[in-house]
Amino acid sequence: MNLFHPRTISRHTAVLFALPLALCCTATAQQVVLTRGNATISLESFAPNIVRVTLSLDKASALKSPGIGITATPAAAGWTQASANGADTFGNDQMVVHVSPAYHGATSGTGADIARYFNSSTPNFGLSIETPSGKPILNMQQWEMAIPNHKDGTANVLYDRRPQDDPFFEVGATFVASPDEHYYGLGQNQQGFLDLRGHSLECAHDYTAAGGPSVCVPFVVTNKGYALLWDNPSKTRVDFAFNDQTRWTSQVGQRVSFFIIVGDTYDKLYEGYRLLTGSVPMLPKSAYGYIQCKQRYASQKEILDVAHGYRERHLPADVMVVDWFYFTKMGQMDMDPRFWPDPTAMNAELHKLGFHSMISVWPRFVPEDRYYDTLLKNGWFEHLADGTPTNGLPYDRAGSDIDTTNPDAARWYWNTIRENFVSKGFDAFWADETEPDLPPNGSYLHVGPGTEYFNVYPYFHTKALYDGFRHDLPQTRALVLSRDAYLGAQHNGTIFWSSDIYPTWDTLKRQVPTGLNFVASGMPYWSTDIGGWQYLPYSHTPEHPPLIDPSDARDNVHHNDDYPELYVRWFQYATFQPNMRAHGSRNFNEVWSYGKQAEPILEKYLRLRYQLMPYIYSLGYFSHQTGAPFMRGLFMDFGSDPKTASIIDEYMFGPALLIAPITEQGATSRDVYLPAGADWYNFWTNERLHGGQHITIAAPIDTIPIFVRAGSILPLGAAIESTNEKQAIASLRVYPGADSDFTLYSDDGNTYAYEVGKSTITHLHWSDATGKLQHTGAAAWSAPDNSIVSIVGRSATE
């Protein structure tokens, strides 16, 4: 470690040579503006439990509004400011921010000698946050606002700045990391860990990242009662808990800006994130069902044949997807009439069968398509400094990306989609390549230099579609599928997926912590391509004898003898993801495509997904109300059990269900940890077990281990083939062992009428002491309670 590095020298001088400097401050009802040396510090209240901290060597930058994706405005919320002995405090009855006087270095001795040659980029001072009772929440040790330079190896970034752009600085802050502090979120990384502690991560959209594409959502929750939202859209490196420090470093900025949200539960932290960046809308109910896709259905006939195949087998499914290469040219926004002779009639038939339709729409345009010249003339492309549209030549010939950070380009893009695809009856849109696929560093967007705004494209791009839905189709819920996200993208009617992953057991295993961290980033809707997207090798020899006979699926899996087994295990896991979507580059990808042994198992879990629909849809309402995810790492609900902090292969699906996927080839059992603080029921057998223990559970190929938390209320629906059908409550299972509550939610599933109160809400309460279930609010069933409600472990006559 270099003691004389600009990032470290300020820390040492602050500790060794503490001398107060001049201090002044001005205050408003919701904001305190302080100076420390040549730095401006702004503290702004956004809620009783949310404060924004901004630091800059440029006062105007320190006083600017928050960045992209943050839509909240400051609110006084009972905050007060006080000064004493050269220090300042800003707080209320939930949190107190302390800012100490600034420090400068020594005037003699070793410290003075060091200062002759080395200095930090910013004046140093202490900034800490604690509860009113003095319990520490967060302690910032130092910050930086450094001119890019050769010493730090950052000088090359200056080549990405035009004369008219704001100055480029590397900006960052370092915080104390407690020995028992754990971190979750930061978007999507696919390296296979859950707790970010002890890892160094780059928060950036990177299709080629280790393990699988990464996604940047710079929001992290911790087990210390706070969350941190880092307000900088450039590539950002975060070093979690090295040398007792967590350091955030962003490639470009003019200030350090971050929000701290405090709360005694994780759900309180997500309520704060929701306030800052927007709510999670209710999706069309079809999005909670099964989405059938592959790379690719190449014709209208093929997609209709598959849809009829589901209905002829009386299997539930809700969305049929048209993937790429339906067009005659990239960016042409047409459908090749040789293969898609009448898309309007196709969609009408799908609708008649109870399906919604989704089509992939790319942001790329080639010079030969009918729209390229219009975009070029208007300057609506991601472009180089001389205005030339950025392209991927020589290896990528798919053209240039439309710049949807430009509001005019965004409106045009939606209008073109509406004219070409909404008019033909398509219901939802797959916004592919939202990184964008042509990384913007070194290029320029309407919003600014691509290096400075590297991560914002998916927010603007999905917003273009969502805003179009809300303006032109006000009674139709938006559904957008994207493989990238950013702060606020959860508000854009968007579901996310883990992108173009590999069809391997290793990938399946890593999907579990990947998804848990992504949803922990304030993005409740996430899924995987069931079975992986990439092409299968021609052959693969499994480590253990396959549990599914592949011999009658050779035309699909070739000589990958364990692939049907992998697909079954992946499908079981996907049943308990926020969205359930099959996709991949196999010849066939329907539930009857993987052999006669696989087919009944896949059907079993497909039907189970729809049986659970009243529960799942109610979980969607929970996320809408709170901003919190309903696929949850065990750390969220069992924080008092330290063993849950780093369990990466189990999770809660809502408050009731603990899911333990099978991710090892040939496995017919696995170890499961049942968290302390609750009893648990085996979902399949109703056996009751105590928490706080590891057990070995049988998991034959047709079974994924599922446990139900004692005290749970689990509503189950009648059999349906589509969420378009009205689904009755077939049964309501109560698992005794603790008092509990559950909100059962329903609405029309298609419109935004719920925003004005047009929904039905039933409050369910189980009293364990009395052994009684109470329900208030809307009537969720008409049959007598004793024919609907079953108490697990109690006979029907009791």
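Preceding block: the structure.
Residues numbered from 1 in each chain as written. Predicted model: local features only at pLDDT ≥ 70, side-chain atom pairs only at ≥ 80, totals over all residues. Heavy atoms only, no water.

Draft legend 1. Region of the structure containing the nonpolar core. Ranked by internal contacts, the top residues of the largest apolar core, which has 178 residues, are Phe429 and Leu657. The element best represented in this core is helix α12 (residues 563–574), accounting for eight residues. Ala39, Leu138, Val171 and Trp248 belong to the second largest nonpolar core, which has 46 residues in total. (Core = buried A, V, L, I, M, F, W, Y, C linked by side-chain atoms within 4.5 Å. Buried < 20%, exposed > 50% of the residue type's maximum accessible area, 1.4 Å probe, protein only. Helix = DSSP H or I, 4+ residues; strand = E, 2+ residues; numbered from the N terminus.)

Draft legend 2. The environment of Gln191, seen in detail. Relative to the helices and strands, Gln191 is located in the loop between β11 (183–185) and β12 (200–203). Residue classification places Gln191 among the partly exposed positions, given a relative accessible area of 45%. Once the C-alpha coordinates of Gln191 and Arg607 are considered, the two residues, 416 residues apart in sequence, prove to be 32 Å apart. For Gln191, the residues in contact, after removing those within four places along its chain, are Leu201, Ala210 and Arg510. (Contact = heavy atoms within 4.5 Å.)

Draft legend 3. Quick look at helix α13 (residues 598–611). Between its terminal C-alpha atoms α13 stretches 20 Å, which fits the 20 Å expected from 14 residues at 1.5 Å a residue. In terms of burial, α13 is a largely internal element, 10 of the 14 residues being buried. Residues of α13 that are buried in the fold lie against β18 (290–292), α5 (300–312), α12, β31 (580–582), α14 (613–626) and β33 (651–653). (Expected span 1.5 Å × (residues − 1).)

Draft legend 4. Main features of the packing of aromatic side chains. Using the criterion set out here, one finds 51 aromatic pairs in the structure. Consider the rings of Phe125 and Trp143, whose centres lie 6.3 Å apart with planes at 55 degrees: the pair is tilted. Within this pair, whereas Phe125 is found in strand β8 (residues 124–130), its partner Trp143 is found in strand β9 (residues 136–146), the two being separated by 18 residues in sequence. Three or more aromatic residues link up through ring pairs in this structure, and these residues are Tyr288, Tyr525, Phe576, Tyr617, Tyr621, Phe630, Phe653 and Tyr745. Taking the ring centre of Trp430 as reference, the NZ or CZ of Arg581 above it sits at 4.7 Å. Above the face of the Trp684 ring, Lys604 is positioned so that its terminal group lies 4.5 Å from the ring centre. (Phe/Tyr/Trp six-rings, centres within 6.5 Å; stacked < 30°, edge-to-face > 60°. Lys NZ or Arg CZ within 6 Å of the ring centre and 35° of its normal.)

Draft legend 5. Local environment of the layout of surface pockets. Taken as a whole, the largest pocket spans an internal volume of roughly 770 Å³. As for the largest pocket, its lining consists of 35 residues, of which Thr265, Asp267, Arg632, Met636 and Asp637 are closest to the centre. Of all the secondary-structure elements, those providing two or more residues to the lining of the largest pocket are α4 (266–277), α14, α15 (634–637) and β42 (740–746). Sorting elements by how many residues they give to the lining of the largest pocket places α14 first, with six residues. In terms of residue class, the lining of the largest pocket is made up of 14 nonpolar, 13 polar and eight charged. (1 Å grid on protein atoms, 1.4 Å probe; cavity = no way out; pocket = protein on both sides within 12 Å on 5 of 7 lines; lining within 4 Å. Points joined across faces, edges and corners; volume = space filled by probe spheres on them. Nonpolar A, V, L, I, M, F, W, Y, C, P; charged D, E, K, R; others polar.)

Draft legend 6. Molecular detail of unusual backbone geometry. The omega angle of the peptide bond from Leu393 to Pro394 is 10 degrees, so this bond is cis rather than trans. Here Pro394 lies in the loop between α7 (372–378) and β22 (400–401). That bond from Glu435 to Pro436 is cis: its omega, 5 degrees, falls within 30 degrees of zero. On the secondary structure map, Pro436 appears in the loop between β23 (428–431) and β24 (444–445). Its identity is not glycine, yet Ser499 carries a phi of approximately 75 degrees, on the positive side. Following the sequence through the fold, Ser499 ends up in the loop between β27 (494–497) and α10 (505–520). Judged by relative accessible area, which is 0%, Ser499 ranks as buried. The phi torsion at Asn686 lies on the positive side, around 70 degrees, for a residue other than glycine.

Draft legend 7. Region of the structure containing the state of the cysteines. Going through the model one piece at a time under the given rule, you end up with one disulfide. Between the sulfur atoms of Cys203 and its disulfide partner Cys216 the distance amounts to 2.1 Å. With the S-S bond torsion at 95 degrees, the cross-link from Cys203 to Cys216 turns out right-handed. Residue Cys203 is found in strand β12, and its partner Cys216 is found in the loop between β12 and β13 (219–222); the two are separated by 13 residues along the sequence. (Disulfide = S-S within 2.5 Å.)

Draft legend 8. Region of the structure containing the pattern of salt bridges. One pass over the structure, following the stated rule, counts 36 salt bridges. In this structure, the salt-bridge partner of Glu433 is Arg364, at a minimum N-O distance of 3.2 Å. Of the two residues, Glu433 sits in the loop between β23 and β24 while Arg364 sits in strand β21 (residues 364–365), which places them 69 residues apart along the sequence. No difference in accessibility class separates Glu433 from Arg364, as the two residues are buried. Between Asp437 and Arg364 there is a salt bridge; the shortest N-O distance is 3.4 Å. One end of the pair, Asp437, is in the loop between β23 and β24; the other, Arg364, is in strand β21, and 73 residues separate them in sequence. Residue Asp437 is classed as partly exposed on the basis of its relative accessible area, which comes to 22%. Owing to a relative accessible area of 0%, Arg364 belongs among the buried residues under this scheme. Overlapping salt bridges bring together Arg364, Asp396, Asp432, Glu433, Glu435, Asp437, Arg483 and Asp500 as one network. (Salt bridge = Lys/Arg side-chain N within 4 Å of Asp/Glu carboxyl O.)

Just distances and angles here, no functional claims.
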